[in-house]
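Listed below, chain by chain, are the residues.
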Amino acid sequence: MHYNFKEIEEKWQKKWLASQAFRAQADPAKKKYYLLEMFPYPSGKIHMGHVRNYTIGDVASRFKVLQGYNVMHPMGFDAFGQPAENAAIKNKTKPADWTRKCIQEMETELKKMGFSYDWEREVSTCQSDYYKWNQWIFLKMFERSLAYKKASAVNWCPGCQTTLANEEVVNGGCWRCQIKVQQKDLDQWYLKITEYKERLLEDLGQLKNWPARVLAMQNNWIGKSSGVDIYFHLKNSDKVIEVFTTRADTIFGATYIVLAPEHSLVKDLIKGKPREKEILEFIKKAAGESKMVRAASDVKKEGVFTGSFAINPVNNEEVPIWIADYVLMEYGTGAIMAVPTHDQRDFLFAKEHKLPMRIVIQGAKLSSPNGLIGDLKKIPASAGMTEAYDGDGVQVNSAQFDGLPNQEAKIKIAQWLEVKGTGKIQTHWRLRDWLISRQRYWGTPIPIVYCPACGIVPVPYKDLPVELPADAPFTGEGGSPLNKVKKFVETNCPQCQGKARRETDTMATFFDSSWYFLRFCSPKFNDAPFDTQEAKYWMAVDQYIGGIEHAILHLLYSRFFTKFFQDLKMVDFNEPFEKLLTQGMVLKDGEVMSKSRGNIVDPDSMITDYGADALRLFILFAAPPETELEWDERGLEGAFKFLNRVWRIQDNFPAKLSKEQAGSRPVAREDRREKDNHELLKVLHKTIKKVSLDFGEFKFNTAIASLMELTNTIYQLGADQEVFLILVIMLSPIVPHFAEELWEILGNKESIFKAAWPKYDSKLLVEENVELVIQVNGKLRSKIEVPRDISEDKLKELVQKDEKLIPWLEGKTPKKIIIVPQKLVNIVV
């Protein structure tokens, strides 16, 4: 008979809600544990990715409860963003109404999964009592010159009709709609994250429990590079091009210079040149390309010759100045020296445009005796190299530095350039300030007023929040709807009281999620973004769980905000997340589930057919959390069958225990042999140890395998109520409704989560027998199993009777028997 999962799951969900079973409160007498999964965007339906992420977190949370921790496990919604505006336009409704509807639907589905959230702590970023504090944080940053406005070329998504931060451009497209990103000149608001670059980089070393891949991604994005700014004078001019390089050892091989299309010298260099018009067209084309695409290594690089030359300061050679799309103003100085023999990107560009190449580090294959491929003053013949050589070697064609190992030469050349006054040792960073302006409605209004007399004026703290107008028109045309709401735009200057206008840009939604984990500590606190005393108890987050796709965006910004709060003396720590787990995606037929592919599996239908507990069990058993999970409904059927198998074990016990036995640890059944009982206890305690370790390391699939083995042993050796109750406790974090019901059936009045996690008896983990290797004259001849505590005399007697040794002993009396306890016996004859 199958257990009635529908009835059981509904029953316990109602009980948990009514009793506020997962309510968390600070208690200095208890050790806290703050577990958090990245909160979702309220799309209206949870998908299997949500189910996997939140099930992993829920098991860890419930496990810690059973271990006696004071656990906080909150949930909320990252509710602002472009999709709600798009849905409002499509469905002829308002973003707020659409978002509220989606949140209600998702809450219902999350509760049906049995997740142990403290719903009293729920936050929604689109509520004014949340985004008021976004504005407060912005003003604090503005006061410290960390929030500022400037005109610049920005990433523009024509689909979403808004700007994007560099981190939001993925493979040349918008991270949300995938439409190709363009470049556009706009006045925008930025946060000066670069002020924190050293701390953001240095503190990566503290994150011992983060995946190495995430640390590497952040390290590369921050991008600290030590090198030299080298000064190339323009031919017949006093103007200088500053070129930054980390490879001073290759300066003698620089055969051309490349400028970013946006470089300030470009227009002067091409003015009046025969190809001026053609070059301007190229610049315009490059400006429309995403910076990510321009810098990508697998995209063909395009460029044009300016008609101008510069002088290489180390050998006074004239080198042509080119403009190319792969050079960006965001890195270094917006100008590079090109060394095609020792940089693959330069090599491919030089081959395409027949530019000269010179080898300066021996280790590459030379195509001519002097290492020069082609003539610097003529279009070269075809080069003999098939690819650039970027390894180490010794300097050649490098004047007084010839013969030096290139790593040594790198330092000496840099110092020499600095002494000569033709260069300066410098450090450059890839990290750029964070663009937060968005030309849309559904986001936090930026609390700034523009006054003709006073200029840029911050909204006073007492006037927060600046609320979104509810009556903004949505047509999908003409930019932000806020521009069309007269009563919002027109205001008075807080300083002079004269006529002024509000900022109509809103904040990037990553602003909202950069500190929400702190708001969960005190979600109803009215005096500040969070109560510092509550944060002192709960923070940092002990375990954070989410997707690898947030390695740069959300995780970097959250670290930045935490360091800012530390500077405000609001927190006494500098990193928000102690441990990080990045779960893999859920696939179907080898591809990520998505509506466009038509391979979505609806969690709701699986809950209807098999129950939430079976779904939880399958999603954890199918693969380790960090790896991809291939959906297979047969695995879900297997999980359901296993639960029914466990359910049937209770038939061996009375329906109810006596009052004296209720809640106690019942004795083993008397009709089982003592040997079987002992064997069952050995398997039990081995399982307790294994599951405890596996749960602590998020190895849920192997933990479940151990629990299945224990179940098999119970079936083989006979049911024991004590063992069964412990099995149910160990299953409870994975299948909580199922476990609660069995716990109650077996006479327990309180929730199973009031019980204690079982401890193993180390004495029962010791194997009673050991296998010994038997050698004759040092060579393996047999193996025997003996009691661990066997005496030496008994062991010698046993060994000499071993029939496998008869051919090797041939009736000889051993000269010596060497015994290594519990390992081997060597008979010398």
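This is a predicted model, so every value here is computed, not measured.

Visitor: Hey, could you go over the overall build of the chain for me, with residue numbers and the actual values?
Guide: The secondary structure content of the chain amounts to 26 helices and 34 strands. Expressed along its principal axes, the backbone C-alpha trace of the chain runs to roughly 105 × 85 × 50 Å. Across the chain, the fraction of contacts at a sequence separation of at least 24, relative to all contacts at a separation of at least 6, is 72%. Looking at the chain as shown, the accessible area adds up to about 38200 Å², and 50% of this sits on carbon and sulfur atoms. Separation between the mean location of the 113 positive side-chain charges and that of the 109 negative ones in the chain comes to 2 Å.

Visitor: Any chance you could break down the confidence of the model for the chain for me, citing the residues and the numbers?
Guide: Parts of the prediction with low pLDDT should not have their coordinates interpreted in detail. Mean pLDDT over the chain works out to 89, with 92% of the residues at or above the 70 mark. In this model, residues 364-383 is a region of pLDDT below 50 whose contacts with residues beyond four sequence positions or in other chains number 39 contacts. Between residues 656-670, whose pLDDT stays under 50, and residues either more than four places distant or in other chains, the model counts 16 contacts.

Visitor: Describe helix α24 (residues 736-745), with residues and values.
Guide: Since one α-helical turn is 3.6 residues long, residues separated by three or four positions face the same way. Burial within α24 is extensive, with eight of its 10 residues counted as buried. Along α24, the positions that sit buried rather than exposed are Pro736, His737, Phe738, Ala739, Glu740, Glu741, Leu742 and Trp743. In this structure, the buried residues of α24 make contact with α1 (5-19), α2 (48-66), α19 (612-621), α20 (633-649) and α23 (721-731). Positive phi appears at Gly747, one or two residues downstream of α24, with a value of about 100°.

Visitor: Before we move on, could you go through the side chain of Gln395 and cite the residues and values that matter?
Guide: Looking at the element boundaries, Gln395 is found in strand β17 (residues 394-395). Look at Gln395 and you get buried, because its relative accessible area is 2%. Among the polar contacts listed, one links the side chain of Gln395 to the backbone oxygen of Asp249, at a separation of 3.0 Å. In terms of polar contacts, Gln395 uses its side chain to reach the side chain of Ser398, at 3.1 Å. Discounting chain neighbours no more than four positions away, the residues touching Gln395 are Asp249, Val360, Ile361, Phe401, Asp402, Gly403, Leu404, Asn406 and Ala409.

Visitor: Give me unusual backbone geometry: which residues, what numbers.
Guide: Backbone phi values are negative for most residues with the exception of glycine, while trans is the configuration of most peptide bonds. Of note, the bond from Leu464 into Pro465 is cis; its omega dihedral lies within 30 degrees of zero at 0°. With respect to the helices and strands, the residue Pro465 is situated in the loop between β22 (455-458) and α13 (486-489). Residue Ala540 is bonded to the preceding Met539 through a cis peptide linkage, with omega at 0°. The residue Ala399 is not glycine, and still its phi comes out positive at about 55°. In this structure, Ala399 sits in the loop between β17 and α12 (406-420). Phi angles above zero are rare outside glycine, and Gln497 is one such case at about 70°.

Visitor: An account of helix α4 (residues 95-112) is needed here, citing residue identities and associated values.
Guide: With 18 residues, α4 extends 26 Å between its outermost C-alpha atoms, agreeing within 8% with the 26 Å of an ideal straight helix rising 1.5 Å per residue. Those residues of α4 not exposed but buried are Pro95, Thr99, Cys102, Ile103, Met106, Glu107, Glu109 and Leu110. The arc that holds every buried residue of α4, seen down its axis, measures 165°, which confines them to one face. Tucked inside the fold, the buried residues of α4 contact α2, α3 (82-91) and α18 (603-610).

Visitor: Which residues make up the environment of Phe115, and what are the values?
Guide: Along the chain, Phe115 turns up in the loop between α4 and α5 (128-143). For Phe115, a relative accessible area of 4% gives the class buried. Among residues more than four places away in sequence, those in contact with Phe115 are Phe22, Val51, Tyr54, Thr55, Asp58, Arg62, Leu110 and Arg616.

Visitor: Please provide a residue-by-residue account of the packing of α3 against α4, values included.
Guide: Relative to each other, α3 and α4 sit at 105°, their axes nearing to 8 Å. Judged by the angle between their axes, α3 and α4 are roughly perpendicular. Every residue of α4 that contacts α3 at Ala84, Glu85, Ala87, Ala88 and Asn91 is listed here: Pro95, Trp98 and Thr99. Along the lines of polarity and charge, the residues of the contact of α3 with α4 split into five nonpolar, two polar and one charged.

Visitor: Give me the lowdown on the packing of α23 against α24, citing residues and values where you can.
Guide: Following both chains from N to C, one finds α23 and α24 inclined at 155°, their axes separated by 9 Å at the closest point. On the basis of their axis angle, the class for α23 and α24 is roughly antiparallel. Of the two possible hands of crossing, α23 and α24 adopt the one that is left-handed. In this structure, α23 uses Phe724, Leu725, Val728 and Ile729 to contact α24, whose residues at the interface are Ala739, Leu742 and Trp743. Considered class by class, the residues forming the contact of α23 with α24 number seven nonpolar, no polar and no charged.

Visitor: Requested: an account of the sheet that holds strand β31 (residues 769-776), with residues and values cited.
Guide: Pairing is mixed in the open sheet, where four strands are placed in the order β32-β31-β34-β33. The strands lining the two open edges of the sheet, one partner per strand, are β32 (779-787) and β33 (816-820). Taking each pair of neighbouring strands and ignoring which way they run, the sheet shows an average axis angle of 20°. Across four bridges, the pairing between β31 and strand β34 (residues 824-828) is parallel. Among the inter-strand pairings, Ile774 is bridged to a residue of β34, identified as Val825.

Visitor: Lay out the packing of aromatic side chains with the relevant residues and their values.
Guide: Taken as a whole, this structure holds 52 aromatic pairs when the rule is applied. Aromatic side chains Tyr54 and Tyr117 sit 6.4 Å apart centroid to centroid with 80° between the ring planes, which places their arrangement in the edge-to-face category. Within this pair, whereas Tyr54 is found in helix α2, its partner Tyr117 is found in the loop between α4 and α5, the two being separated by 63 residues in sequence. Across the pair, exposure class does not vary: Tyr54 and Tyr117 are buried alike. Ring-pair connections join several aromatic residues into one group, and the members of that group are Tyr196, Trp434, Phe510, Phe511, Phe530, Tyr557, Phe560, Phe561, Phe564 and Phe565. Its end group placed over the ring of Trp16, Arg62 keeps NZ or CZ at 4.7 Å from the ring centre.

Visitor: An account of the pattern of salt bridges is requested, with residue identities and associated values reported.
Guide: Evaluated as defined, the whole model comprises 35 salt bridges. The closest approach of N and O atoms between Glu10 and Lys6, which form a salt bridge, is 3.0 Å. With Glu10 and Lys6 both in helix α1 and four residues apart, the pair spans about one turn of that helix. Lys11 is the salt-bridge partner of Glu744, the closest N and O atoms lying 2.6 Å from each other. Taken together, the positions of Glu744 in helix α24 and Lys11 in helix α1 put the pair 733 residues apart, joining distant regions of the chain. Here the salt bridges do not stand alone but share partners, grouping Lys11, Lys15, Glu741 and Glu744 into one network.

Visitor: Residue-level account of the pairing of strand β3 (residues 147-157), with values.
Guide: Alignment of β3 against strand β7 (residues 182-191), held across 10 bridges, turns out to be antiparallel. Within β7, the position partnered with Ala153 by the bridge is Asp185. Counting the residues that bridge the hairpin from β3 to strand β4 (residues 162-164) gives four residues, and of these Gln161 lies at a positive phi of roughly 55°.

Visitor: Account for the sheet that holds strand β1 (residues 32-37), with residues named and values stated.
Guide: Here four strands make up an open sheet; going across it, the order is β2-β1-β26-β27 and the pairing parallel. Two strands close off the open sheet at either side, each with one partner strand: β2 (70-72) and β27 (577-582). Strand-to-strand twist of the sheet, defined as the mean angle between neighbouring strand axes without regard to direction, takes the value 20°. Along the sheet face, α2 touches β1, β2, β26 (541-546) and β27 and points at about 170° away from the line of β1.

Visitor: Got a sec to walk through the environment of Glu318? Specific residues and values, please.
Guide: Along the chain, Glu318 turns up in strand β12 (residues 318-324). For the pair formed by Glu318 and Phe232, sequence separation is 86 residues and the distance between their alpha carbons is 9.9 Å. Here Glu318 is in contact with Lys235, Phe309, Ala310 and Ile311, once residues within four sequence places are set aside. Side chain to side chain, Glu318 and Lys235 meet in a polar contact 3.1 Å long.

Reading the values: the criteria
- Residues numbered from 1 in each chain as written.
- Predicted model: local features only at pLDDT ≥ 70, side-chain atom pairs only at ≥ 80, totals over all residues.
- Heavy atoms only, no water.
- Helix = DSSP H or I, 4+ residues; strand = E, 2+ residues; numbered from the N terminus.
- Contact = heavy atoms within 4.5 Å.
- Areas by Shrake-Rupley, 256 points an atom, 1.4 Å probe, with all protein chains shown as cover.
- Lys, Arg positive; Asp, Glu negative; His and termini not counted.
- Charge placed at Lys NZ, Arg CZ, Asp CG, Glu CD.
- pLDDT = per-residue confidence, 0-100.
- Buried < 20%, exposed > 50% of the residue type's maximum accessible area, 1.4 Å probe, protein only.
- Polar contact = N/O pair within 3.5 Å; in protein donor to acceptor, adjacent residues only side chain to side chain.
- Expected span 1.5 Å × (residues − 1).
- Arc of directions from axis to C-beta.
- Axes fitted to C-alpha atoms, helices over the stretch in contact; angles between N-to-C directions.
- Parallel < 35°, antiparallel > 145°, perpendicular 65-115°, else oblique.
- Nonpolar A, V, L, I, M, F, W, Y, C, P; charged D, E, K, R; others polar.
- Left-handed = near helix turned anticlockwise from the far one by under 90°.
- Pairing = 2+ DSSP bridges.
- Phe/Tyr/Trp six-rings, centres within 6.5 Å; stacked < 30°, edge-to-face > 60°.
- Lys NZ or Arg CZ within 6 Å of the ring centre and 35° of its normal.
- Salt bridge = Lys/Arg side-chain N within 4 Å of Asp/Glu carboxyl O.

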